[in-house]
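One letter stands for each residue in the lines below.
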Amino acid sequence: MTNTLHQHPGDGWSLDERNPQIIQSWMPIWSWFYHSYFRVQTDGWHHLSRDEPVLIVGSHNGGLVSPDMIMMIYDWFRHFGTERLVYGLTHPHIWELSPALAKEAVAIGSVRANPKMAIAALQKGASVLVYPGGAQDVFRPHSQRHRIEFAGRKGFIKLALRQNVPIVPAISYGAHDTLMVLGDIYPLMKQLHQWGLPWPYNLDPEVFPVYLGLPWGIAFGPLPHIPLPIQIHTRICQPIHFETYGRKAAGDRDYVESCYQQVLTTMQTELDQLIASITP
């Protein structure tokens, strides 16, 4: 299935630019970070069927670098090879911030975080990876590092219900210690901007974190960083199957909220259990 939204090469509106050869070229680099730098421990991959498309729902950790997400992508290819289709829904900001990085991400399997792209991928028989919490999740304060944060976004629930696919939660521990987010001063910066202060970045990601991390020491705003070599633990959880699927279910606000809370609660419970199993 070719996506008809495709306009320009590398724009994230096509499912056809994923390149297994480029993915394979990244594997040795990811492997070094996986085994030597982050020393990843993982489990639960048996919960993923080898032929059934699923919606993998994760919680972001560790700033813009989000090392646990990258390590999970590596684990997918490690377990299933580079040919099995998986697409990651990616915020459109990446195409504006760094076209070169976006082009590489597209070759690995990134597509625009748009419902039409997610539906097209699932109908093609591919699995889809989504991190609903976005910037609010990836830059949540360090004091909330053990909390699943989706910022109230429920589009992934509607997607799963409409497409009749199970949700497979993906959780991790450790990546949010690769930097220390002290807080979010977005409301203050927004107010100052309204009073005439120029916005210091090209984009408005709805967060303005203050964090400690390399190489800045202390950073203001959604800047990338060099993650500390903290050990990361990841887990693929048992699939969540809802009682009712279909367009009608996806349009029922109360039912969507119930499903959302079920996923949120399940992932928080799994994360609490993972942390308890690896901390004194």
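Predicted, not measured: the structure shown is a model, and the values here were computed from it.

Conventions and cut-offs
Residues numbered from 1 in each chain as written. Predicted model: local features only at pLDDT ≥ 70, side-chain atom pairs only at ≥ 80, totals over all residues. Heavy atoms only, no water. Pairing = 2+ DSSP bridges. Helix = DSSP H or I, 4+ residues; strand = E, 2+ residues; numbered from the N terminus. Axes fitted to C-alpha atoms, helices over the stretch in contact; angles between N-to-C directions. Contact = heavy atoms within 4.5 Å. Core = buried A, V, L, I, M, F, W, Y, C linked by side-chain atoms within 4.5 Å. Buried < 20%, exposed > 50% of the residue type's maximum accessible area, 1.4 Å probe, protein only. Phe/Tyr/Trp six-rings, centres within 6.5 Å; stacked < 30°, edge-to-face > 60°. Lys NZ or Arg CZ within 6 Å of the ring centre and 35° of its normal.

Enquirer: Is there a simple way to think about the sheet that holds strand β4 (residues 110-112) in this case?
Expert: Pairing within the open sheet is mixed, and its seven strands lie in the order β1-β10-β6-β2-β5-β3-β4. In the strand order of this sheet, the two ends are held by β1 (41-43) and β4, each with one partner. Adjacent strand axes in the sheet meet at a mean angle of 25 degrees when their direction is disregarded. Pairing of strand β6 (residues 167-173) with strand β10 (residues 233-236) involves four bridges; the strand directions are antiparallel. Note that in β10 the partner of A170 across the bridge is I236. Sheet strands touched by helix α2 (residues 67-80): β1, β2 (55-58), β3 (86-90), β5 (127-130), β6 and β10. Its angle to β6, the strand with the most contacts, is close to 125 degrees.

Enquirer: How do you make sense of the nonpolar core when you look at a structure like this?
Expert: Soluble globular proteins tend to bury their nonpolar side chains together. In terms of nonpolar packing, the biggest core is built from 42 residues, with L55, F156, I157 and F242 touching the most fellow members. Where this core is concerned, the elements lending two or more residues are β2, β3, α5 (115-123), β5, α7 (155-163), β6, α9 (247-250) and α10 (253-278). Per-element tally for this core: the top contributor is α10, with ten residues. Within the second largest apolar cluster, 26 residues are counted, among which are I23, Y37, I108 and Y131.

Enquirer: For this particular structure, what's the right way to read the side chain of H233?
Expert: Note on placement: H233 falls in strand β10. Not counting residues up to four positions away in its chain, the partners in contact with H233 are Q41, I171, S172, Y173, L274 and I278.

Enquirer: I tried to follow the sheet that holds strand β7 (residues 180-184) on my own but got confused; where do I start?
Expert: Taken in spatial order, the three strands make up an open sheet running β7-β8-β9, and their pairing is antiparallel. Looking along the sheet, the strands with just one partner apiece sit at the ends: β7 and β9 (217-220). Pairwise comparison of adjacent strand axes, ignoring direction, gives a mean angle of 20 degrees for this sheet. Summarising the sheet, strand β8 (residues 209-213) and β9 pair through four bridges and their orientation is antiparallel. Its bridge partner lying in β9, Y211 is registered against A219.

Enquirer: Looking at this structure, how should I read the packing of aromatic side chains?
Expert: By convention here, two paired aromatic rings are described through the distance between centres and the angle between planes. Under the counting rule described, the total for this entry stands at 15 aromatic pairs. A centroid spacing of 6.3 Å and a plane angle of 55 degrees characterise the contact between F156 and Y260, whose relative ring orientation is tilted. Here the residue F156 occupies a position in helix α7, and Y260 occupies one in helix α10, the gap between them amounting to 104 residues. On the accessibility criterion, Y260 (5% relative accessible area) is buried. Ring pairs connect the aromatic residues W32, F33, Y37 and F38, which therefore count as one cluster. Above the ring of F80, the side-chain terminus of R84 is found at 4.4 Å from the ring centroid. Stacked on the ring of Y260, the Lys or Arg K154 has its end atom at 4.7 Å from the ring centre.

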